[in-house]
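Structure at a glance
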Amino acid sequence: MAEAQCLNLLEPLAPKFAAEAAVTRAIYYWKSQDTPEAARALGQLYDELAVDPWAIEVMVERAFGLTKEVAGTGSEAARQLGEKLSQPFAGYRFEPQRNVLRLMVAEHDSPEALLAALADVEPYPPWTGPLLKMRAEAYWAAKHELAEQAARDWEFYQQHAP
């Protein structure tokens, strides 16, 4: 198949551009409807970002969007990707994006994974409507000690958001 040749063309570049190669593989496998391989390639990207912060930003941002899609296919992919996103990347590169992405991925994993991801952004969670709503609902369902505060934050946001 002609499209599969892209993986062969990519291999000579992979040692020098490991993160970018992982993103390209993830996109290829996702478009080929091979979700497990797409998840594995995204995992390789996050392993690479854990040790080398110098990836091309636009490619990493594309991978973040793809990660949300892959995680949405099932809890196993979400679990694997959530584990990779649970630690900061080298030099704390993409830290705000990593935290938000981890929350979005954890939503497709388990209540425990979501509570762990939320714990890492407290006491100042990302102040966006969908994430504040997710936080309030997760804490309420878990009868978490921050459930009332999260509900107040979500209500305040709804009343004052543009």
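Rules used in this analysis
Residues numbered from 1 in each chain as written. Predicted model: local features only at pLDDT ≥ 70, side-chain atom pairs only at ≥ 80, totals over all residues. Heavy atoms only, no water. Helix = DSSP H or I, 4+ residues; strand = E, 2+ residues; numbered from the N terminus. Expected span 1.5 Å × (residues − 1). Buried < 20%, exposed > 50% of the residue type's maximum accessible area, 1.4 Å probe, protein only. Core = buried A, V, L, I, M, F, W, Y, C linked by side-chain atoms within 4.5 Å. Contact = heavy atoms within 4.5 Å. Phe/Tyr/Trp six-rings, centres within 6.5 Å; stacked < 30°, edge-to-face > 60°. Salt bridge = Lys/Arg side-chain N within 4 Å of Asp/Glu carboxyl O. Axes fitted to C-alpha atoms, helices over the stretch in contact; angles between N-to-C directions. Parallel < 35°, antiparallel > 145°, perpendicular 65-115°, else oblique. Left-handed = near helix turned anticlockwise from the far one by under 90°. Nonpolar A, V, L, I, M, F, W, Y, C, P; charged D, E, K, R; others polar.

This brings us to helix α8 (residues 129-142). Relative to the 20 Å expected for 14 residues at 1.5 Å per residue, α8 spans 20 Å between its end C-alpha atoms, a close match to the ideal helical length. Residues Gly-129, Leu-131, Leu-132, Met-134, Arg-135, Ala-136, Ala-138 and Tyr-139 constitute the buried set of α8. Positive backbone phi, approximately 55 degrees, marks Lys-143, located one or two places after α8.

The biggest cluster of nonpolar side chains holds 29 residues, and the ones touching the most others in it are Leu-42, Leu-45, Tyr-46, Leu-49 and Val-70. The leading source of residues in this core is helix α3 (residues 35-51), at seven residues. Dropping the residues within four chain positions of it, Leu-45 is found in contact with Ala-19, Ala-22, Val-23 and Ala-63. Grouped together as the second largest cluster of nonpolar side chains are 16 residues, Val-121, Leu-132, Ala-138 and Trp-154 included.

Any aromatic ring pair is given by two values, namely how distant the centres are and how the planes are angled relative to each other. What the rule picks out here adds up to five aromatic pairs. For the ring pair Tyr-46 and Phe-64, a centre distance of 6.3 Å and an interplane angle of 20 degrees mean the geometry is stacked. Here Phe-64 lies in helix α4 (residues 57-71) and Tyr-46 lies in helix α3, a separation of 18 residues in the sequence. On the basis of relative accessible area, Tyr-46 is assigned to the buried category, the value being 1%.

Another point: the pattern of salt bridges. Evaluation of the coordinates by the stated rule reveals ten salt bridges. Salt-bridge contacts for Glu-37 lead to Arg-40; the nearest nitrogen and oxygen are separated by 2.8 Å. Taken together, the positions of Glu-37 and Arg-40, both in helix α3 and three residues apart, correspond to about one turn of that helix. Taking relative accessible area as the criterion, Glu-37 reaches 23% and is therefore assigned partly exposed. Each of the salt bridges in this network shares a partner with another, and the network as a whole consists of Glu-76, Arg-79 and Glu-83.

With that out of the way, let us pick up unusual backbone geometry. Pro-123 follows Glu-122 through a cis peptide bond whose omega is 5 degrees. Along the chain, Pro-123 falls in the loop between α7 (111-119) and α8. Non-glycine residue Gln-33 carries a positive phi angle of around 60 degrees. Phi is positive for Phe-94, which is not a glycine, with a value near 60 degrees. Positionally, Phe-94 belongs in the loop between α5 (75-85) and α6 (95-106).

On to the side chain of Arg-25. Position of Arg-25 relative to the elements: it lies in helix α2 (residues 18-31). Owing to a relative accessible area of 14%, Arg-25 belongs among the buried residues under this scheme. If near-sequence neighbours (up to four positions away) are discounted, Arg-25 is found in contact with Leu-7, Leu-10, Glu-11, Ala-14, Ala-41 and Gln-44.

With their axes 10 Å apart at the nearest point, α3 and α4 run at an angle of 135 degrees to one another. Our classification of the angle between α3 and α4 gives oblique. Note on packing geometry: the crossing formed by α3 with α4 is left-handed. Touching Thr-35, Ala-38, Ala-39, Leu-42, Leu-45, Tyr-46 and Leu-49 of α3 are Val-60, Ala-63, Phe-64, Leu-66, Thr-67 and Val-70, all from α4. For the contact of α3 with α4, the residue count by class is eleven nonpolar, two polar and no charged.

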